[in-house]
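Listed below are the residues making up each chain.
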Amino acid sequence: MASLDVQDGARAETSGGDVKLVKSAERTIAILELVAAAPQPLTTAEIFKLTGYPRSSLHWLLLTLLELNWIEQTPEGAYRIGTHALLCGTAYLDRDPVMEHVSGILEKVRNATTFTTHYARLDRSDVIYLATRQAVDRRRLSSRVGRKLPAQVTALGKAILSEYTDDEVRQRLGPGPYTQLTPKTVTGFDALQTELAEFRKTGHAVEWEQNTVGLCCVSVVVPYRIPGTDAMSCSIPVELATDEVLAGTVATLQSAAAELARTLRAAGIR
């Protein structure tokens, strides 16, 4: 058994690959993720209700994050994410070796299809949006860069999940029911399993209004890793998503994903 000393006197121990998390650090990160994900600033009472952390501990954690600019306080006293969180997120994008090669490919796809194009990466049971190129008509969709969605509600996530076996998907997502964002969201494992089986055959994933009403999305994996971790997608207004448009968009995405994968492999990026 090995141990890692930490400044607050707590101790994280590792044994057999398992890590005992430092409680204060875990709670700090949980608060940051909670505040970042909330659509509106959260009051102390709301954070307490959502986390269940002891009030005294929560008070000092919030004060620390506030003092260090990881969170900000509104005039009404509620909390929202702060500037230092943006600095860390930007640093990730700046330093990730893949991202310097993504911009041009996304622009090529957007220009060829005219649709908003996304690049995302699997993060446990979610996908995180790393880059976006807006549609020519920018009114249709706002950027999702830095945002996280459950993998099973997005074409991006479904494309990546189709790289894994059903058992691996169940281990990653759990047996369900899953988060429902719209009336059309697939919430059960059996239904998701049926979708993934089809996507493995076609080599691309499709979802209709499962995370955003009015949008159809198609996605393909960027095959520079096995199994894949990254994918590209196009968001298409449902009224424009004819069979012909879908087929052309898929072909454009597949060509771009193959080109990007060749570039990444040639650069030694795995």
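Residues numbered from 1 in each chain as written. Predicted model: local features only at pLDDT ≥ 70, side-chain atom pairs only at ≥ 80, totals over all residues. Heavy atoms only, no water.

As a further point, take the nonpolar core. Core analysis: the largest hydrophobic core is formed by 29 residues, its most contacted members being Val102, Tyr119, Val218, Val222, Tyr224 and Met232. Broken down by element, the residue count for this core peaks at eight residues, all from helix α9 (residues 243-266). Counting 23 residues, the second-largest nonpolar core is a separate cluster that includes Val153, Leu156, Phe189 and Val221. (Core = buried A, V, L, I, M, F, W, Y, C linked by side-chain atoms within 4.5 Å. Buried < 20%, exposed > 50% of the residue type's maximum accessible area, 1.4 Å probe, protein only. Helix = DSSP H or I, 4+ residues; strand = E, 2+ residues; numbered from the N terminus.)

With that settled, the discussion passes to the pattern of salt bridges. A complete count under the given rule lists nine salt bridges for this structure. Here Lys108 and Glu259 are joined by a salt bridge, their closest N and O atoms 3.1 Å apart. Placement of the pair is Lys108 in helix α5 (residues 102-113) and Glu259 in helix α9, with a sequence separation of 151 residues. Classification of Lys108 by relative accessible area gives partly exposed; the value is 45%. The closest approach of N and O atoms between Lys148 and Asp126, which form a salt bridge, is 3.9 Å. Of the two residues, Lys148 sits in strand β8 (residues 148-150) while Asp126 sits in strand β7 (residues 126-133), which places them 22 residues apart along the sequence. On the accessibility criterion, Lys148 (44% relative accessible area) is partly exposed. A network of salt bridges, in which partner residues are shared, links Asp96, Arg121 and Asp230. (Salt bridge = Lys/Arg side-chain N within 4 Å of Asp/Glu carboxyl O.)

Attention shifts here to the environment of Thr185. Looking at the element boundaries, Thr185 is found in the loop between α7 (166-173) and α8 (189-202). Taking relative accessible area as the criterion, Thr185 reaches 7% and is therefore assigned buried. Put simply, Thr185 and Thr212 are 27 residues apart on the chain and 9.4 Å apart in space, counted from C-alpha to C-alpha. In contact with Thr185, other than residues within four places in its own chain, are Val153, Thr179, Gln180 and Gln210. Here the side chain of Thr185 touches Leu181 through a polar contact of 3.2 Å, landing on its backbone nitrogen. A distance of 2.4 Å separates a polar atom in the side chain of Thr185 from the backbone oxygen of Gln210. (Contact = heavy atoms within 4.5 Å. Polar contact = N/O pair within 3.5 Å; in protein donor to acceptor, adjacent residues only side chain to side chain.)

Looking now at the layout of surface pockets. Here the largest pocket is characterised by a volume of approximately 1,500 Å³. Together, 35 residues line the largest pocket, and Glu33, Ala36, Ile128, Gly146 and Lys148 are the ones closest to its centre. Listing elements by their share of the lining of the largest pocket, those giving two or more residues are α1 (23-37), α4 (83-95), β6 (116-123), β7 and β8. In terms of residue class, the lining of the largest pocket is made up of 22 nonpolar, four polar and nine charged. (1 Å grid on protein atoms, 1.4 Å probe; cavity = no way out; pocket = protein on both sides within 12 Å on 5 of 7 lines; lining within 4 Å. Points joined across faces, edges and corners; volume = space filled by probe spheres on them. Nonpolar A, V, L, I, M, F, W, Y, C, P; charged D, E, K, R; others polar.)

So, on to the packing of helix α2 (residues 44-51) against helix α3 (residues 55-67). Across the interface, α2 lies against α3 with an axial gap of 11 Å and an inter-helix angle of 120°. On the basis of the axis angle, α2 is oblique to α3. The way α2 lies across α3 gives a crossing that is right-handed. Counting all contacts with α2, which are made through Thr44, Ile47 and Phe48, the residues of α3 involved are Arg55, Leu58 and Leu62. In terms of residue class, the contact of α2 with α3 is built from four nonpolar, one polar and one charged. (Axes fitted to C-alpha atoms, helices over the stretch in contact; angles between N-to-C directions. Parallel < 35°, antiparallel > 145°, perpendicular 65-115°, else oblique. Left-handed = near helix turned anticlockwise from the far one by under 90°.)

Next up on the list: the pairing of strand β10 (residues 215-221). The buried fraction of β10 amounts to seven of the seven residues, a majority that puts the element mostly inside the structure. In β10, alternate side chains face the same way, and those of Leu215, Cys217, Ser219 and Val221 on one face and Cys216, Val218 and Val220 on the other are all buried. Pairing of strand β9 (residues 205-208) with β10 involves four bridges; the strand directions are antiparallel. Across the sheet, residue Ala205 finds its bridge partner in β10, namely Ser219. Linking two consecutive strands that pair antiparallel, namely β9 and β10, is a turn of six residues; a positive phi of about 55° is found at Glu209 within it. (Pairing = 2+ DSSP bridges.)

A complete count under the given rule lists zero aromatic pairs for this structure. Taking NZ or CZ as reference, Arg170 lies 4.0 Å from the ring centre of Phe189, over its face. Of note, Arg172 hangs over the ring of Tyr164, and the distance from its end group to the ring centre comes to 5.0 Å. (Phe/Tyr/Trp six-rings, centres within 6.5 Å; stacked < 30°, edge-to-face > 60°. Lys NZ or Arg CZ within 6 Å of the ring centre and 35° of its normal.)

Moving on, we get to the state of the cysteines. Across all of its chains, the model carries zero disulfides by this definition. Its sulfur unpaired, Cys234 is 8.7 Å from the next cysteine sulfur, which belongs to Cys217. (Disulfide = S-S within 2.5 Å.)

In a beta sheet, neighbouring strands pair by backbone hydrogen bonds and run either parallel or antiparallel. Ordered by their spatial adjacency, six strands build an open sheet running β8-β7-β6-β11-β10-β9, and the pairing between neighbours is antiparallel. Strand pairing shows two members of the sheet lacking a second neighbour, β8 and β9, which therefore form its edges. Neighbouring strand axes in the sheet, compared pairwise and without regard to direction, differ in orientation by 30° on average. In terms of strand pairing, β6 meets β7 through seven bridges, oriented antiparallel. Along β7, the bridge assignment pairs Arg121 with Ile128.

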